[in-house]
Amino acid sequence: MATGEFHVMKVPAEQLTGTLHGQVVDPGAQPTKVVRRGEGWTVDVSWEVTGELVDWLTGCWKLEIITDRPGGGESRHPSPPMELTFTPGSGRYTASVPMRGRLSAGTYDLVVNLTTATAAGSAGALGGYVVLSKIVVLD
C-alpha cells in the first residue's frame with residue numbers, strides 16, 4: 001500500500017493532520033500491479049484525519065484516480081469525482097474506486113487525488129495525493 005502526501009489548512013498538527021493510503025486491488029482483493037481490463041479491479045483508498053478540529057469539518061471529500069499513460073495523455077476516474085460526506089466524530093474513511101473497463105491495454109501511472117468542498121460547495125482547504133506504482137492493464 002502506497003502512502004502519500006496529505007495537506008491541511010495552516011493550523012498546528014495537533015489541531016488537524018492526516019494520512020492517506022492507496023493501492024490497486026485485483027478481483028480477489030489482493031494488491032497487484034497487473035490487471036485485466038475487463039475484470040473487476042479497483043483502487044482502494046483509506047485516509048484518516050485527526051486532531052481537535054475533526055468535529056468542526058463540514059462539506060465533503062472528493063476522490064478521483066488520475067491515470068497517465070506515457071505518450072497517451074491523462075484521464076480522471078470517476079468523472080465527476082466520488083463524493084463522501086464528512087463524518088463528525090470519526091476521521092477515518094475508506095473508498096473503493098471501480099476501474100473495470102476504464103483503461104485500454106497499456107502501462108499507466110496512477111495517482112489518488114483527494115480534495116474537499118465546503119458545505120457551501122466551494123473548494124476546501126484539505127486534501128492530498130498518493131502516487132501509486134506503475135500498473136499494467138492487459139486485454
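Here's what I pulled together on the structure shown here.

Calculation notes
Residues numbered from 1 in each chain as written. Predicted model: local features only at pLDDT ≥ 70, side-chain atom pairs only at ≥ 80, totals over all residues. Heavy atoms only, no water. Helix = DSSP H or I, 4+ residues; strand = E, 2+ residues; numbered from the N terminus. Rg over C-alpha atoms; globule rule 2.2 N^0.38 Å. Buried < 20%, exposed > 50% of the residue type's maximum accessible area, 1.4 Å probe, protein only. Contact = heavy atoms within 4.5 Å. Areas by Shrake-Rupley, 256 points an atom, 1.4 Å probe, with all protein chains shown as cover. Lys, Arg positive; Asp, Glu negative; His and termini not counted. Charge placed at Lys NZ, Arg CZ, Asp CG, Glu CD. Polar contact = N/O pair within 3.5 Å; in protein donor to acceptor, adjacent residues only side chain to side chain. 1 Å grid on protein atoms, 1.4 Å probe; cavity = no way out; pocket = protein on both sides within 12 Å on 5 of 7 lines; lining within 4 Å. Points joined across faces, edges and corners; volume = space filled by probe spheres on them. Nonpolar A, V, L, I, M, F, W, Y, C, P; charged D, E, K, R; others polar. Patch = residues over 30% accessible without salt bridge, like charges linked within 9 Å, V, L, I, M, F, W, Y side chains within 5 Å. Salt bridge = Lys/Arg side-chain N within 4 Å of Asp/Glu carboxyl O. Phe/Tyr/Trp six-rings, centres within 6.5 Å; stacked < 30°, edge-to-face > 60°.

### Brief notes about the overall build of the protein chain
Then comes step 1: Along its length, the protein chain carries 0 helices and 10 strands.
Then comes step 2: Tracing the protein chain from N to C terminus, the helices and strands come up as β-β-β-β-β-β-β-β-β-β.
Then comes step 3: Computed over the C-alpha atoms, the radius of gyration of the protein chain is 16 Å, within 12% of the 14 Å expected from 2.2 N^0.38 for a compact globule of 139 residues.
Then comes step 4: Counting only C-alpha atoms, the protein chain reaches 45 × 30 × 20 Å along its principal axes.
Then comes step 5: Counting every position in the protein chain, which comprises 139 residues, the buried fraction comes to 36%.
Then comes step 6: Pairs at least 24 residues apart make up 66% of the contacts formed inside the protein chain by residues separated by at least 6 positions.
Then comes step 7: Counting only carbon and sulfur atoms, one obtains 52% of the accessible surface of the protein chain, whose full area is about 7400 Å².
Then comes step 8: Across the protein chain, the mean location of the 11 positive side-chain charges is 8 Å away from that of the 14 negative side-chain charges.

### Here's the deal with the side chain of threonine 42
Then comes step 1: Locating threonine 42 in the fold gives a position in strand S5 (residues 42–50).
Then comes step 2: Using a relative accessible area of 15% as the deciding quantity, one classes threonine 42 as buried.
Then comes step 3: A polar contact is formed between the side chain of threonine 42 and the side chain of aspartate 44, at a distance of 2.9 Å.
Then comes step 4: Residues within four places of threonine 42 in sequence aside, it is in contact with Gln23, Val24, Val25, Ser96, Val97, Pro98 and Met99.

### A short note on the layout of surface pockets
Then comes step 1: Approximately 150 Å³ is the volume attributed to the largest pocket.
Then comes step 2: Forming the walls of the largest pocket are 11 residues, and the residues nearest its centre are Leu57, Thr58, Thr118, Gly124 and Ala125.
Then comes step 3: Residue assignment for the lining of the largest pocket shows that the elements contributing at least two residues are strand S9 (106–117) and strand S10 (123–138).
Then comes step 4: Here the element with the most residues in the lining of the largest pocket is S10; it accounts for 3 residues.
Then comes step 5: In the lining of the largest pocket, the residues fall into 7 nonpolar, 4 polar and no charged.

### Some thoughts on the side chain of glutamate 64
Then comes step 1: By the element assignment, glutamate 64 lies in strand S6 (residues 60–69).
Then comes step 2: Residue classification places glutamate 64 among the buried residues on the basis of a relative accessible area of 9%.
Then comes step 3: The residues touching glutamate 64, leaving out its near neighbours within four places in the chain, are Arg76, His77, Pro78, Pro81, Val111, Val112 and Asn113.

### A few points about a nonpolar patch on the surface
Then comes step 1: There is a patch of nonpolar side chains on the surface, built from Val34, Val136 and Leu138 and spanning about 200 Å² of accessible area.
Then comes step 2: Mapped onto the elements of the fold, valine 136 is located in strand S10.
Then comes step 3: Residue valine 136 is classed as partly exposed on the basis of its relative accessible area, which comes to 30%.

### Some details on the packing of aromatic side chains
Then comes step 1: Here the structure, examined in full by the defined rule, presents 4 aromatic pairs.
Then comes step 2: Between tryptophan 47 and tryptophan 61, the aromatic rings sit 5.7 Å apart at their centres with planes inclined by 75°, giving edge-to-face as the arrangement. Placement of tryptophan 47 in strand S5 and of tryptophan 61 in strand S6 is noted, with a sequence separation of 14 residues between them.
Then comes step 3: Its relative accessible area of 0% is what places tryptophan 61 among the buried residues.
Then comes step 4: Summarising the aromatic geometry, the rings of tryptophan 47 and tyrosine 93 are spaced 5.5 Å apart at their centres and angled 10° between planes, so their arrangement reads as stacked. Taken together, the residues tryptophan 47 in strand S5 and tyrosine 93 in strand S8 (residues 92–98) connect sequence positions 46 residues apart.

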